[in-house]
Number of protein chains: 2
Amino acid sequence: MITKAQVKHIQSLEDKKYRYKCNEFVVEGEKMVQELINSSLTINCIYATKDWIEKNPMLKNILIEEIQSFELEKMSSLSTPNMVLAIVQIPANTPISPKGVSIVLDRIQDPGNLGSIIRIADWFGINTVYCSEDTVDVYNSKVVQASMGSVFRIKTQYSNIEHLLAANKQIPSYVAILKGENITSHKAIQEGFIIIGNESKGVSDSIINLSTHKISIPRKGQAESLNAAIATGIICHSLLS
Amino acid sequence: MITKAQVKHIQSLEDKKYRYKCNEFVVEGEKMVQELINSSLTINCIYATKDWIEKNPMLKNILIEEIQSFELEKMSSLSTPNMVLAIVQIPANTPISPKGVSIVLDRIQDPGNLGSIIRIADWFGINTVYCSEDTVDVYNSKVVQASMGSVFRIKTQYSNIEHLLAANKQIPSYVAILKGENITSHKAIQEGFIIIGNESKGVSDSIINLSTHKISIPRKGQAESLNAAIATGIICHSLLS
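Residues numbered from 1 in each chain as written. Chains lettered and ligands numbered in written order. Predicted model: local features only at pLDDT ≥ 70, side-chain atom pairs only at ≥ 80, totals over all residues. Heavy atoms only, no water.

Colleague: Got a sec to walk through helix α10 (residues 228–240) of chain B? Specific residues and values, please.
Modeller: Along an α-helix, a turn takes 3.6 residues, which lines up residues three or four apart on a common side. Compared with the 18 Å implied by 1.5 Å per residue over 13 residues, the 18 Å span of α10(B) between its first and last C-alpha is a close match. With a side-chain oxygen positioned 2.7 Å from the backbone nitrogen of Ala229(B), the residue opening α10(B) is Asn227(B). (Helix = DSSP H or I, 4+ residues; strand = E, 2+ residues; numbered from the N terminus. Expected span 1.5 Å × (residues − 1). Polar contact = N/O pair within 3.5 Å; in protein donor to acceptor, adjacent residues only side chain to side chain.)

Shown next, in the form of structure tokens:
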């Protein structure tokens, strides 16, 4: 039987401030928790139904608490909770030296977009996603779910993007804008920052000015723009294949 | 002053069955309603705040009802309602003969994905999106919002996909699967069906069997798959640029 205080704690982890105060985030569902167990992250506790516990008898070093389905429903942020919910330690936001190709995000606000972008990084073998300090938090439950587990493998670092680019001037940087060089004919890159901007405002002028290459996806129709995650996918495919 | 019955009617349009019974759907927000007014769709009514009405004095042939912000909040499905909400007539689901390149969707369930895919079609100059009968409804408010107005320009037709392919055997069809021909080296196409499948189950075997080309986006990392809308964007860019 889980206590009211435990339920309240888990629900409160939806709030970013509380999440960082406790240094914990939530992962939900059978498939996601399986990916989590296979990752290097530290699991503080797993709340699971009897069915899930019987299917996973080998987890000797993790605190597992058996709960009823109705208790899981109270804790869950999903519309259809699925057997298991894990409380995970937030890894330290340690500086990561850029290596190979990285994605750089300027003020991405939509959790679904950030999750999809991390999944794209994981598909294309990009190890690091740098996020401006005002990008949506990577441990937001919607980001974690949209990443489909890629958030456990890809390194993210929140930092000042202008400082990052200024400190790494030797690395080419590719900024997505509406009227840049057509990306179609660009040859594959081995090293660089792929920079994607806010859903409605695009990339900040200060960051565009620091970038070495202004690139665009050619448009043939009438849509004003593409969704930020869609643009990231197309650019990563174009520059890495 | 709007009546309780009007508010209830608008809220009920969130429900697909009710939407098709009334043959109406909802469009919200200043930018979206502007795109709507510029489109060929029939607007049954606009509910707008005084500010919006004063900014749009030229709309002589549309029934406009002035409402207060608190009334808009009651009607709206958005977390931050924005000045205006329109009730629009659902166009007839008339058969569309395939021409040039079309997108074909097999059981897409996520409204955000369908909206993004329609926006992708509009970016790449693709006029028609064919949807299997069990694909999420295009007049779902989340689809409309995610399309950023592209839903007013792109034709959609709900139909049996197997019948569509069988009746158009002369048109090449490109189905996205996990282990197909690498799309990177594919030359640009002028005509064809680009087929994208369900978020977790992919494309049905019966549709794969009817397709002329099995294609894939090359993977370099560890993610199991890409989001359906991201895959659509990459494939459209690869085959159309």
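Once you've had a look at it, read on.
Colleague: For the sheet that holds strand β3 (residues 64–66) of chain B, give the residues involved together with the corresponding values.
Modeller: Residues and elements named next belong to chain B. The four strands are arranged β1-β4-β2-β3 in an open sheet whose pairing can be described as mixed. With one partner strand each, in any of the chains shown, β1 (24–28) and β3 form the two edges of the open sheet. The average undirected angle you get between the axes of adjacent strands in this sheet is 20°. Across five bridges, strand β2 (residues 43–48) lies against strand β4 (residues 84–89) in antiparallel orientation. Bridge assignment links Ile-46 to a residue of β4, and that residue is Ala-86. (Pairing = 2+ DSSP bridges. Axes fitted to C-alpha atoms, helices over the stretch in contact; angles between N-to-C directions.)

Colleague: Residues and numbers for the side chain of Asn198(B), please.
Modeller: Residue and element names in this part refer to chain B. With respect to the element layout, Asn-198 can be found in the loop between β9 (192–197) and α9 (205–210). Engagement of the side chain of Asn-198 in a polar contact is seen with the backbone oxygen of Arg-107, the distance being 2.8 Å. Setting aside residues no more than four positions away along its own chain, Asn-198 makes contact with Asp-106, Arg-107 and Gln-109. (Contact = heavy atoms within 4.5 Å.)

Colleague: Give me the domain arrangement of chain A: which residues, what numbers.
Modeller: Residue and element names in this part refer to chain A. According to the domain assignment, chain A contains domain 1 (4–89) and domain 2 (101–240). Its C-alpha centre places domain 1 at a distance of 30 Å from the equivalent point of domain 2. Each partner contributes to the interface: domain 1 provides 15 residues, whereas domain 2 provides ten residues. Carbon and sulfur atoms supply 57% of the area buried between domain 1 and domain 2, which totals about 1200 Å² over both sides. Three residues stand out in domain 1 for area buried against domain 2, namely Phe-25, Met-32 and Glu-35, and they jointly supply 39% of the buried area on that side. Summed over the shared surface of domain 1 and domain 2, the result is two salt bridges. (Domains from an automatic or database assignment. Buried area = accessible area lost by both parts, 1.4 Å probe. Salt bridge = Lys/Arg side-chain N within 4 Å of Asp/Glu carboxyl O.)

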